[in-house]
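Close look at the chain arrangement
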Amino acid sequence: MSRTLLVTGGAGFIGTNFVRYWMENYPDDRIVVLDALTYAGNPANMEELRNDSRFRFYPGRIEDFTVVEGIFRWERISHVLNFAAESHNDRSLMDPTGLISSNVTGVSILLECSRKYGAERMLHVSTDEVYGEIESGLFRETDPLEPRTPYSAGKASGELQVRAHQIAYGTKSLVTRGSNTFGPFQFPEKILPFFITRAMQDKMLPLYGDGNQVRDWIFVRDHCSGIATALLKGEIGQVYNVGGGNERPNIEVTKMVLQALSKPETLIKRIPDPRGASHDKRYALNTEKIEKLGWKPSATFEEALGKTVQWYVDHRFWWEEIVNSTRYRQFVKAFYGPYLGEDL
Ligand SMILES: NC(=O)c1ccc[n+]([C@@H]2O[C@H](COP(=O)([O-])OP(=O)(O)OC[C@H]3O[C@@H](n4cnc5c(N)ncnc54)[C@H](O)[C@@H]3O)[C@@H](O)[C@H]2O)c1
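How each quantity is defined
- Each chain carries its own residue numbering, running from 1 in the written order of its sequence.
- Owing to the predicted nature of the model, reporting of local features is limited to residues with pLDDT of at least 70; listing and counting of side-chain atom pairs is limited to 80 or more, with chain, interface and lining totals taken over all residues.
- With hydrogens and water stripped out, all remaining heavy atoms of the structure feed into the side-chain values.
- It suffices for a single heavy atom of a residue to lie within 4 Å of a molecule or strand for the residue to be listed as near it.
- Counting of polar contacts relies on pairs of N or O atoms within 3.5 Å, with two restrictions inside protein: one atom must be capable of donating a hydrogen and the other of accepting it, and residues adjacent in sequence are counted only when both atoms are side-chain atoms.
- With residues, only the protein chains shown are counted as cover, and all accessible areas are computed by Shrake-Rupley using a 1.4 Å probe.
- The way it works is that DSSP assigns letters per residue, a run of H or I at least four long becomes a helix, a run of E at least two long becomes a strand, and they are numbered from the N terminus.
- Asp, Glu, Lys and Arg are counted as charged, while Ala, Val, Leu, Ile, Met, Phe, Trp, Tyr, Cys and Pro are counted as nonpolar; the rest, among them Gly, fall into the polar class.
- Think of it in three bands: residues with accessible area under 20% of the maximum for their type are buried, residues over 50% are exposed, and the middle band is partly exposed, with areas taken using a 1.4 Å probe on protein chains only.
- A contact between two residues is defined here by any heavy atoms of the two lying within 4.5 Å.
- In short, DSSP must find at least two bridges between two strands for them to pair.
- The convention used is that axes are lines fitted to C-alpha atoms, helices contributing only their stretch in contact, and that angles between N-to-C directions extend from 0 to 180 degrees.
- Salt bridges are defined as contacts in which a side-chain nitrogen from Lys or Arg sits within 4 Å of a carboxyl oxygen from Asp or Glu.

Close to the ligand lie 31 residues; D35, E63, S87, Y151 and K155 are nearest. Between the ligand and Y151, the relevant distance is 2.6 Å, taken from an oxygen atom to a side-chain nitrogen or oxygen of the residue. Summarising the interface, the protein chains cover 97% of the accessible area of the ligand, which totals 840 Å² for the free molecule. Looking at the shell around the ligand, the elements that each hand over two or more residues are helix 1 (13-25), strand 5 (121-127), helix 5 (150-169) and strand 7 (180-182). Looking at the shell around the ligand, the element that brings in the most residues is strand 5, giving three residues. Residues belonging to the shell around the ligand are distributed by class as follows: 12 nonpolar, 14 polar and five charged.

What follows is the structure, given as structure tokens:
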């Protein structure tokens, strides 16, 4: 039987990749996107989907009960995937309260409507950052949640809503915790597209501290297939880590970007880390649990990075519109102004 998926945050980076992944692999299903089109949500990401009869877009916020309930009633939603969130750690440090309505209240409303309208499954997309940092070894799903930034605390709070609704009301929900994701359509303020697009313009790449913060990188398509696997095969009430198994320090990734674009390492500019000693040094995930469902990441880091760089080279019109906007320039100035001088 065909499904109707509600994909919240579908105009953002992972959401828009997920919509494409799903439409390619499950052509009989319908997709309904609900997105607030914040600075990170881009209508251009959905341009090629708009004429597809299987696709429908609603502008709106997940914390708006009337809107969410209307969609459930009107569209007969069978599955919910919640990608909608304020997703930037550094922004959350500047505005720690602004994310609560999206990352906590909105989750609760999606859960309530999923229960009320009998959704078969509600999957909440969370992050490895809810665990906090780990010096050695790998986080398992049973490890405690010890978030260290307002963003990761917000995501952890959203997860607790999922858990509580599942226990209290039997809502058919589950959670994925994904690692540092990269690929096409990522808004160019996150480190990888920020550095790719700046290097393409021969601008300085402001690297925090010694650049030795280690992240577990996953290609967006692998993250999407992990979420799809958990949605279709995961057990209700469970949490699944979705990690790429590609641990790299930021400095190494930065050098690889420069190499891929044939740009000199002199473009790297080390700047003080705004999070200082509190900046999480390492995240890493144990993925045995989701592997038992038959999932494995398929892309190597080198190959996926190459594809990503090439996408930004081929889609200059997509990111130039963003980086030339006043809002984006204000962001770069607010974060890096003191260190980049005129090279904003
Ligand atoms: N990017 C990563 O490395 C990563 C890793 C693990 C998990 N995640 C999680 O995956 C999800 C998607 O991340 P992303 O990188 O694609 O983020 P993104 O910032 O690119 O996209 C978020 C989307 O959500 C929309 N949105 C924000 N608040 C909303 C609201 N209240 N109602 C409706 N729409 C709203 C935005 O307009 C945007 O389109 C997030 O929940 C994030 O926490 C991201």
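On to the environment of E265. Within the secondary structure, E265 is located in the loop between helix 8 (250-260) and strand 12 (268-271). Judged by its relative accessible area of 45%, E265 is partly exposed. Setting aside chain neighbours within four positions, we find E265 in contact with K255 and L258.

In this section: the sheet that holds strand 9 (residues 214-219). In space, the three strands of this open sheet follow the order 7-9-11, with mixed pairing throughout. Each of the sheet's edge strands pairs with one partner strand only, and the pair in question is strand 7 and strand 11 (246-249). On average, each strand axis in the sheet is inclined to that of its neighbour by 45°, with strand direction left out of account. In this structure, strand 7 lies alongside strand 9, joined through three bridges in parallel fashion. Counted as the bridge partner of F182 is F219 from strand 9.

This brings us to the pattern of salt bridges. Following the criterion strictly, the structure yields 19 salt bridges and no others. The shortest N-O distance in the salt bridge between K116 and E69 comes to 2.6 Å. Here the residue K116 occupies a position in helix 4 (residues 100-116), and E69 occupies one in helix 2 (residues 65-75), the gap between them amounting to 47 residues. R148 is paired through a salt bridge with E133; the nearest N and O atoms lie 3.6 Å apart. Here E133 lies in the loop between strand 5 and helix 5 and R148 lies in the loop between strand 5 and helix 5, a separation of 15 residues in the sequence. R148 sits in the partly exposed class, given a relative accessible area of 37%. Using a relative accessible area of 29% as the deciding quantity, one classes E133 as partly exposed. One salt-bridge network, held together by shared partners, links R30, R56 and E75.

Glancing now at the sheet that holds strand 3 (residues 55-59). On the basis of which strands lie adjacent, the open sheet formed by seven strands has the order 3-2-1-4-5-6-10 and parallel pairing. Of all the strands in the sheet, just strand 3 and strand 10 (239-242) have a single pairing partner and so form its edges. Put simply, the sheet's adjacent strands are angled 20° from each other on average, direction ignored. Where strand 2 (residues 30-35) lies against strand 3, five bridges are found, and the strand directions are parallel. If you follow V32 over to strand 3, its bridge partner there is R56. Lying on the sheet, helix 7 (residues 220-233) is in contact with strand 4 (79-82), strand 5, strand 6 (173-178) and strand 10; it crosses strand 5 at an angle near 145°.

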